[in-house]
Protein chains: 2
Amino acid sequence: MEVEITTEEKILIAARKVFIEKGWDGARMQEIADNAGINKALLHYYFRNKEQLFKRVLAGIVGKLIPNLNTIIQSEQPIFEKIQAFIDAYLDFLLANQELPLFVANELSRNANLIVGAFEENGLKPMVGQMVMEIFQAIENKQIRPINPAHLLMSIVSMCVFPFMGRSIFQKVLMQVPEEMYQELLKQRKKEIYEMVYHSIVL
Amino acid sequence: MEVEITTEEKILIAARKVFIEKGWDGARMQEIADNAGINKALLHYYFRNKEQLFKRVLAGIVGKLIPNLNTIIQSEQPIFEKIQAFIDAYLDFLLANQELPLFVANELSRNANLIVGAFEENGLKPMVGQMVMEIFQAIENKQIRPINPAHLLMSIVSMCVFPFMGRSIFQKVLMQVPEEMYQELLKQRKKEIYEMVYHSIVL
DNA sequence: AAAAGGTTTAACCATTTGGTTAAATATGAT
DNA sequence: ATCATATTTAACCAAATGGTTAAACCTTTT
């Protein structure tokens, strides 16, 4: 069977890899061309310049990041199930896109307008609002102990994302464990995070 | 009173600022020179090249990062007090060096050998070992509920660091709050993190 | 088969950037 | 004052880098 792959796709795949690996500043058009197995001039034929290419890569990334989580947030489930589903979906995504968080945080902090633009074009609503409300209600209903919802969410997201974003810090400085062992830890986190959150809010 | 500030110090201050702000790839020797108010050639007079200058900046950063935490870890206190002291000291440091985590994670993931070298020269022992042992003992002594120590530590560090390292993600994408409000959240975290951890491990 | 249009390439170009050089200027010792 | 040494600067340089151009090469249409 024929697996058609256009030059444009080859370029985007190569660009995604190089941009994520090296960041905007470190990425070289020549390296992207080499990775795509084409001439450098062809990059500029398909994408006018580095910025256009970067924007296209961003759009692809952001497009996958968002919908996943939003569906969960909007679903109707009891608070504990919902939190568990959130952690579950978030970690699945992170395990499949391990280098993404550091890349996004990085570019976002240097190049904010570009990235925020990409998010807005992809229609990311501040999905936090609804979650905050639900946590408030769960507190009033005596389902969970009183806790600042913003901080609870912050903590959950932190526990999910940081092991990926700060992976180099954990792996190379703090824990000094080999790659496979770290991957093993990452896989266990789904369960560990949920248990931590559960015990910290259950009455 | 005379505040003596040598050219070398001026350079290091400027370099630290530019490197942290822009990263290795984004930092320009010219910009560092401008920030220091000197000629570009003078940079190379004091520091042979970009790499030497970067290493010196790193040494300064790592030198302050470590000792702070190690003293706490090595202190003898009951487990809950120790965890609280750890969070306390960590957040004080982070509040005073907000841009550092992203910078370190970033350079560490691209340029590992350079940074790990800087850590090793500054004698960072994998301080985690001792903490893991103590958590194990606390579990055996029925002081806290059974929990994987590595994950507990990972979670604590995550909750402390991520709001700084992923600040742009929280602030600009997820929560969309103004600067002062985010700073306010950060100041509250000390208390919030400890309470979260406390409730999640207390029997 | 020849014209036409899109696709790909090699060779260039202008600018930026890290780094050097040689001369000028302070600074300190004799 | 004068000599020597350390500090600072302006002018350069070579390599790297994003981008352009004009020609070559397909593929499809007529």
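Everything discussed here concerns the structure shown above.
Figured I'd write up the structure that's included with this text.

Definitions and cut-offs
- Residues numbered from 1 in each chain as written.
- Chains lettered and ligands numbered in written order.
- Predicted model: local features only at pLDDT ≥ 70, side-chain atom pairs only at ≥ 80, totals over all residues.
- Heavy atoms only, no water.
- Helix = DSSP H or I, 4+ residues; strand = E, 2+ residues; numbered from the N terminus.
- Expected span 1.5 Å × (residues − 1).
- Bend = angle between axes of the 7 residues up to and from the residue.
- Buried < 20%, exposed > 50% of the residue type's maximum accessible area, 1.4 Å probe, protein only.
- Near = heavy atom within 4 Å.
- Polar contact = N/O pair within 3.5 Å; in protein donor to acceptor, adjacent residues only side chain to side chain.
- Nonpolar A, V, L, I, M, F, W, Y, C, P; charged D, E, K, R; others polar.
- Contact = heavy atoms within 4.5 Å.
- Buried area = accessible area lost by both parts, 1.4 Å probe.
- Salt bridge = Lys/Arg side-chain N within 4 Å of Asp/Glu carboxyl O.
- Phe/Tyr/Trp six-rings, centres within 6.5 Å; stacked < 30°, edge-to-face > 60°.

1. Re helix α11 (residues 179-201) of chain B
All names here are of chain B.
Here's step 1: For α11, built from 23 residues, the straight-helix expectation of 33 Å at 1.5 Å per residue is met to within 8% by its first-to-last C-alpha distance of 33 Å.
Here's step 2: At Arg-189, α11 shows its maximal kink, close to 45°.
Here's step 3: Those residues of α11 that fall on the buried side of the exposure criterion are Tyr-182, Gln-183, Leu-185, Leu-186, Arg-189, Glu-192, Ile-193, Tyr-194, Met-196, Val-197, Ser-200 and Ile-201.

2. Some thoughts on the protein's contact with DNA strand C
Here's step 1: Among the 15 residues in the neighbourhood of DNA strand C, the closest are listed as A:Tyr45, A:Tyr46, B:Arg28, B:Lys40 and B:Lys50.
Here's step 2: Within 4 Å of the protein, the contacting atoms of DNA strand C are 57% sugar and phosphate, with bases supplying the remainder.
Here's step 3: A:Tyr45 is positioned such that a nitrogen or oxygen atom in its side chain is 3.0 Å from a phosphate oxygen of DNA strand C.
Here's step 4: The set of elements that each furnish at least two residues to the surface near DNA strand C consists of α3 (40-46) of chain A together with α3 (40-46) of chain B.
Here's step 5: Of all the elements, α3(A) adds the most residues to the surface near DNA strand C, at four residues.
Here's step 6: Of the residues contributing to the surface near DNA strand C, the split by class is eight nonpolar, four polar and three charged.

3. Remarks on the protein's contact with DNA strand D
Here's step 1: Lining the immediate surroundings of DNA strand D are 14 residues, of which A:Arg28, A:Lys40, A:Lys50, B:Tyr45 and B:Tyr46 lie closest.
Here's step 2: Near the protein, within 4 Å, the atoms of DNA strand D are sugar or phosphate in 57% of cases.
Here's step 3: A distance of 3.2 Å separates a phosphate oxygen of DNA strand D from a polar atom in the backbone of A:Met29.
Here's step 4: Between DNA strand D and A:Lys40, the relevant distance is 2.6 Å, taken from a base oxygen to a side-chain nitrogen or oxygen of the residue.
Here's step 5: Per-class residue counts for the surface near DNA strand D are seven nonpolar, four polar and three charged.

4. A word on the interface of chain A and chain B
Here's step 1: Contacts between chain A and chain B engage 55 residues on the former and 55 residues on the latter.
Here's step 2: Summed over both sides, the interface of chain A with chain B buries roughly 4900 Å², with 69% coming from carbon and sulfur.
Here's step 3: In terms of surface lost to chain B, no three residues of chain A exceed A:His151, A:Met154 and A:Met196, which account for 14% of the buried area on that side.
Here's step 4: Joining chain A to chain B, the criterion identifies zero salt bridges.
Here's step 5: Linking chain A with chain B are 15 residue pairs in polar contact (both at pLDDT 80 or more).
Here's step 6: Residue assignment for the side of chain A that touches chain B shows that the elements contributing at least two residues are α1 (7-26), α6 (100-110), α7 (112-121), α9 (149-165), α10 (167-174) and α11 (179-201) of chain A.
Here's step 7: The biggest single contributor to the side of chain A that touches chain B is α9(A), with twelve residues.

5. Section: the side chain of B:Ser200
Here's step 1: Along the chain, B:Ser200 falls in helix α11.
Here's step 2: Overall, the relative accessible area of 0% leaves B:Ser200 in the buried class.
Here's step 3: When sequence neighbours within four positions are dropped, the list of residues in contact with B:Ser200 reads A:Met196, A:His199, A:Ser200 and B:Arg145.

6. Some thoughts on the packing of aromatic side chains
Centre distance and the angle of the planes are the two values used to describe a pair of aromatic rings.
Residue and element names in this part refer to chain A.
Here's step 1: Counting across every chain of the model gives 18 aromatic pairs over all chains.
Here's step 2: Here Tyr-194 and Tyr-198 contribute two aromatic rings whose centre-to-centre distance is 6.1 Å and whose plane-to-plane angle is 40°, an arrangement assigned as tilted. A residue pair is termed a helical-turn pair when its members lie 3 or 4 positions apart in one helix, as Tyr-194 and Tyr-198 do in helix α11 at four residues.
Here's step 3: In this structure Tyr-194 comes out as buried when scored by relative accessible area, which is 15%.

7. Here's the deal with unusual backbone geometry
Residues and elements named next belong to chain A.
Here's step 1: Notably, Lys-142 is not glycine yet its phi reads approximately 60°, a positive angle.
Here's step 2: You can see Lys-142 is positioned in the loop between α8 (128-140) and α9.
Here's step 3: Accessibility expressed as a relative area gives 67% for Lys-142, which makes it exposed.

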